[in-house]
Amino acid sequence: YKQLLVVFALVLEFNVLAAFSQSVDSDFTFTLPSGRRECFYQTMKKHASLEIEYQVLDGAGLDVDFHIASPTGEILYNDYRKSDGVHTVETEDGDYMFCFDNTFSAVSEKIIFFELILDNMETDEDPEDWKEYVHGTDMLDMKLEDIMDTINNVKARLSKSVHLQTVLKAFEARDRNLQESNFDRVNFWSVTNLIVMVIVSAVQVFLVRSLFEDKRKIRT
């Protein structure tokens, strides 16, 4: 029983370290001023995968221009005036550039959220090296491969849950900003209509009273 626990602990430690070294998930939120373009760079390895998802959370029109360029400068994806998007790139060695462009807007700044998911970012260490530290596996009823599969499945499901929660949080922030903007507009036009109604009512009262006034002069 103790030997099983030791083997399980070794498998857990080496497998988790290898798994997290191969997959990276990060997200950012920034403000893009009007008339500006912001670019970011990500170093990738060959046969890896780069997935980027972006959303415009706030700003007039909720739109932005976006493009991804390869290390050679080739434009891989190009979006025009979109509020959100998801793109996946099978990468080569080098720095990938992705840019958000708000130069078409002269007044409104944009709040932009984007998330990067990097897969297959292998390190120089072999993930199978942990097997060198394990002995006597024939005495175990539970196969080490089954333990690895279970840990990988748990890690994948947790990563997917975190990803979904992050995306839903971004959607919620964008919807809240849109509702607050609509609320301000409704209040503005309500006050405007009220002022117009008061002015029209005053004019109508003045005109009606003027109809009944006797403007004839009395001569003595």
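Residues numbered from 1 in each chain as written. Predicted model: local features only at pLDDT ≥ 70, side-chain atom pairs only at ≥ 80, totals over all residues. Heavy atoms only, no water.

Let me state the cut-off plainly: UniProt positions are given in the numbering used here, feature names are shortened, and annotations may be inferred rather than shown by experiment.
The chain appears in an unreviewed UniProt entry as Transmembrane p24 trafficking protein 5 from Neogobius melanostomus. As its UniProt record puts it under Sequence similarities (unreviewed entry), the chain is described as follows: "Belongs to the EMP24/GP25L family."

## Some remarks on the overall build of the chain
For clarity, the threshold we go by: Runs of H or I in DSSP of at least four residues are treated as helices and runs of E of at least two as strands, each being numbered from the N terminus. Here, residues are in contact when the closest pair of their heavy atoms is within 4.5 Å. Surface accessibility in these figures is a Shrake-Rupley result with a 1.4 Å probe; residues are shielded only by whichever protein chains are displayed.
Looking only at helices and strands, one finds 2 helices and 8 strands in the chain. Traced from its N-terminal end to its C-terminal end, the chain shows the element sequence α-β-β-β-β-β-β-β-β-α. Here the contacts in the chain between residues at least 6 apart in sequence split such that 80% fall between residues at least 24 apart. In the form shown here, the chain has an accessible surface area of approximately 15400 Å², with 57% of it arising from carbon and sulfur atoms.

## Points about the UniProt feature "transmembrane region" (unreviewed entry) in the chain
The UniProt feature table records "transmembrane region" (unreviewed entry) at residues 188-212. Secondary structure across residues 188-212 comprises 100% helix and 0% strand; the distance between its end C-alpha atoms is 37 Å.

## Regarding the packing of aromatic side chains
To be explicit about the condition: In summary, the pairing rule links any two rings of Phe, Tyr or Trp, Trp by its six-membered ring, whose centres are within 6.5 Å, and it sorts them by plane angle into stacked for under 30 degrees, edge-to-face for over 60 and tilted for everything else. Three exposure classes are used, based on accessible area relative to the maximum for each residue type with a 1.4 Å probe and protein chains only: buried under 20%, partly exposed in between, and exposed over 50%.
What the rule picks out here adds up to 14 aromatic pairs. Between Phe-40 and Phe-98 the ring centres are 5.7 Å apart and the planes differ by 20 degrees, which places this aromatic pair in the stacked class. Separated by 58 residues along the polypeptide, Phe-40 in strand 2 (residues 37-44) and Phe-98 in strand 7 (residues 94-101) bring together distant segments of the chain. Given the relative accessible area of 26%, Phe-40 is considered partly exposed. Between Phe-98 and Phe-100, the aromatic rings sit 6.5 Å apart at their centres with planes inclined by 90 degrees, giving edge-to-face as the arrangement.

## A closer look at the pairing of strand 7
Our working definition: A strand pair is defined by DSSP finding two or more bridges across the two strands.
Bridge count for strand 2 against strand 7 is 8 bridges, and the pairing is antiparallel. When the bridges of strand 7 are listed, Arg-37 appears paired with Asp-101. Note that strand 4 (residues 64-69) and strand 7 share 5 bridges and pair antiparallel. In the strand pairing of strand 7, Ala-69 is matched with Met-97.

## Structural notes on the nonpolar core
Heads up, the rule is: In this text, buried Ala, Val, Leu, Ile, Met, Phe, Trp, Tyr and Cys residues form a nonpolar core when linked through side-chain atoms within 4.5 Å.
Core analysis: the largest hydrophobic core is formed by 20 residues, its most contacted members being Ile-52, Val-64, Phe-66, Phe-98, Phe-100 and Phe-114. Of all elements in the fold, only strand 1 (24-32), strand 3 (49-58), strand 4, strand 7 and strand 8 (110-119) reach the threshold of two or more residues within this core. Setting aside chain neighbours within four positions, we find Ile-52 in contact with Phe-66, Ile-68, Gly-85, Val-86, His-87, Phe-98, Phe-114, Glu-115 and Leu-116.

## Observations regarding the confidence of the model for the chain
Spelled out, the test is: pLDDT expresses how confident the predictor is about each individual residue, on a scale running from 0 to 100.
This prediction gives the chain a mean pLDDT of 76; 75% of its residues lie at or above 70. Predicted confidence is poor over residues 1-21, with pLDDT under 50, and the contacts of this stretch with residues over four places away or in other chains come to 29 contacts.

## Considerations on the sheet that holds strand 7
Inclusion rule: All axes are obtained by fitting lines to C-alpha atoms, using only the stretch in contact for helices, and the reported angles, taken between N-to-C directions, cover 0 to 180 degrees.
Strands sit in the order 2-7-4-5 across an open sheet of 4 strands; the sheet is antiparallel. Pairing within the sheet leaves two strands with one partner each, and these edge strands are strand 2 and strand 5 (75-82). Going across the sheet, the axis of each strand differs from the next one's by a mean of 10 degrees, ignoring polarity.

## Here's the deal with the side chain of His-87
Put simply, the rule reads: Nitrogen and oxygen atoms within 3.5 Å of one another constitute a polar contact, given that in protein one can donate a hydrogen and the other can accept it, and given that sequence-neighbouring residues count only through two side-chain atoms.
Residue placement: His-87 occurs in strand 6 (residues 84-90). Side chain to side chain, His-87 and Asp-79 meet in a polar contact 2.8 Å long. Dropping the residues within four chain positions of it, His-87 is found in contact with Leu-50, Glu-51, Ile-52, Tyr-54, Phe-66, Ile-68, Tyr-77 and Asp-79.

## Topic: the pattern of salt bridges
Inclusion rule: Note on definitions: salt bridges are taken to be side-chain nitrogens of Lys or Arg within 4 Å of carboxyl oxygens of Asp or Glu.
One pass over the full model with this rule turns up 3 salt bridges. Note that Arg-36 and Glu-38 form a salt bridge whose closest N and O atoms lie 3.1 Å from each other. Judged by its relative accessible area of 42%, Arg-36 is partly exposed. Residue Glu-38 is classed as partly exposed on the basis of its relative accessible area, which comes to 23%. A salt bridge links Asp-63 to Lys-110, with the shortest nitrogen-to-oxygen separation between them at 3.1 Å. Taken as a pair, Asp-63 in the loop between strand 3 and strand 4 and Lys-110 in strand 8 lie far apart in primary sequence, 47 residues in all. For the pair Asp-63 and Lys-110, a shared accessibility class is recorded, and that class is buried. Overlapping salt bridges, with partners in common, bring together Asp-63, Arg-81 and Lys-110 in one network.

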